[in-house]
Amino acid sequence: MMRRVLLHLGLHKTGMTAAQSFLHENRKLIWPRFALVLPYKTRNSGLSESATRHSLYRLDSTLAGFGSHLHAFLDDLDFGARRGLILSEENFAGLRPSRNKREGYGAAPELAETLVSVVRRRFLGHETEITIYISLRARDQWLRSLWAHDLQKSRTVQDLDAFSSDLAHLPSLQETADAVRNRLPSVTVRTEWMEALQNHRLGAGAPLAEFLNLPPELSSQLVGPAHGTPTFSDDVLQEILALNRSSLDDAAMITQKKALIQSAQNELARQT
């Protein structure tokens, strides 16, 4: 029996939240055929941290640590006689580039190679078909989304131009995907642009639905993502930036920023 494996390795801010929401919303259709690994498992187990640690330090020891941690994690999963695996975790491509400006996704190929090697070992003796899926996004919108994330989650004080300039030296997302493909010539590496999926019924879940290859009577039951990352207007982002740059102490700044973000989210919800 062929074991089919899909490894969705990001990249950050390319519709990952929506793709993972799609997988979660459709888990009852997925689980009989595939073990499903989403970030709440990889992060609670420390696996995500193992991957991002290696992307920072790039040592043989940190890569081996990720591999051994992953091996133990997969050994604990029950694949039964025929189930495959679907895993979606953007941190397996490395730490978010805005937090690792020197390396960016430089470690992605070696992390992917280790992941594939461990998966093959877990299914040793079974015919296994492995697909790596990497979602992409136009660079200007990707940088804006990274900046918006950092504005909300930290006291970032750079404007978008300065933030983008700091990351200008990093390879494109397509080049990152190509580097993974070149490192793993025996594995299918598929890419899709976030912009091309926006009008699809299943949105960011469309490539995942295609991989599932369910019979028509089940495929028709698939539902689109229930959650995604909201896209705030330039005005809202400038208000958040002003709070980050203000003389407010951290506690007061965080309180006001949370209120502003909640108000912006409520406004977006009213518009949909």
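Scroll up for the structure.
Residues numbered from 1 in each chain as written. Predicted model: local features only at pLDDT ≥ 70, side-chain atom pairs only at ≥ 80, totals over all residues. Heavy atoms only, no water.

K.L.:
Describe in detail the overall build of the protein chain, supporting the description with residues and values.
P.N.:
Secondary structure assignment for the protein chain yields 14 helices and five strands. Relative to the compact-globule value of 19 Å for 272 residues, the protein chain shows a C-alpha radius of gyration of 19 Å, a close match. Along the first, second and third principal axes, the C-alpha atoms of the protein chain reach 60 × 45 × 30 Å. The buried share of the protein chain, taken over its 272 residues, is 49%. Summed over its atoms, the accessible surface of the protein chain is roughly 13,200 Å², and 50% of this surface lies on carbon and sulfur atoms. Each charge sign in the protein chain was given a centre, from 32 positive and 30 negative side chains, and these centres are 5 Å apart. (Helix = DSSP H or I, 4+ residues; strand = E, 2+ residues; numbered from the N terminus. Rg over C-alpha atoms; globule rule 2.2 N^0.38 Å. Buried < 20%, exposed > 50% of the residue type's maximum accessible area, 1.4 Å probe, protein only. Areas by Shrake-Rupley, 256 points an atom, 1.4 Å probe, with all protein chains shown as cover. Lys, Arg positive; Asp, Glu negative; His and termini not counted. Charge placed at Lys NZ, Arg CZ, Asp CG, Glu CD.)

K.L.:
An account of helix α4 (residues 47–57) is needed here, citing residue identities and associated values.
P.N.:
Those residues of α4 lying buried are L47, S48, S50, A51, T52, H54 and S55. Against the buried residues of α4 lie α3 (39–44), α5 (60–75) and α6 (108–122). Backbone geometry just after α4 places R58 at a positive phi near 55°. (Contact = heavy atoms within 4.5 Å.)

K.L.:
Outline the pairing of strand β1 (residues 3–8), listing residues and values.
P.N.:
Counting buried residues in β1 gives five out of six residues, a clear majority hidden from the surface. Pairing of β1 with strand β4 (residues 128–136), which is carried by six bridges, proceeds in the parallel orientation. Looking at the pairing, R3 lines up with T128 of β4. Bridging between β1 and strand β3 (residues 84–88) involves four bridges; their strand directions are parallel. Residue L7 lies in a different strand from β3, and its bridge partner there is L87. (Pairing = 2+ DSSP bridges.)

K.L.:
A description of the packing of α6 against helix α9 (residues 173–183) should follow, citing residues and the corresponding values.
P.N.:
At a closest axis distance of 8 Å, the pairing of α6 and α9 adopts a crossing angle of 45°. The angle between α6 and α9 falls in the class oblique. Between α6 and α9 the crossing geometry is right-handed. Each of A108, P109, E110, A112 and E113 in α6 lies in contact with α9, whose residues at this interface are T176, A179, V180 and R183. Partitioning the contact of α6 with α9 into residue classes produces five nonpolar, one polar and three charged. (Axes fitted to C-alpha atoms, helices over the stretch in contact; angles between N-to-C directions. Parallel < 35°, antiparallel > 145°, perpendicular 65-115°, else oblique. Left-handed = near helix turned anticlockwise from the far one by under 90°. Nonpolar A, V, L, I, M, F, W, Y, C, P; charged D, E, K, R; others polar.)

K.L.:
Lay out a nonpolar patch on the surface in plain terms, naming residues and giving numbers.
P.N.:
Taken together, the side chains of L56, Y57 and L59 present a nonpolar region at the surface, about 290 Å² in accessible area. Position of Y57 among the secondary structure elements: in helix α4. Classification of Y57 by relative accessible area gives exposed; the value is 52%. (Patch = residues over 30% accessible without salt bridge, like charges linked within 9 Å, V, L, I, M, F, W, Y side chains within 5 Å. Salt bridge = Lys/Arg side-chain N within 4 Å of Asp/Glu carboxyl O.)

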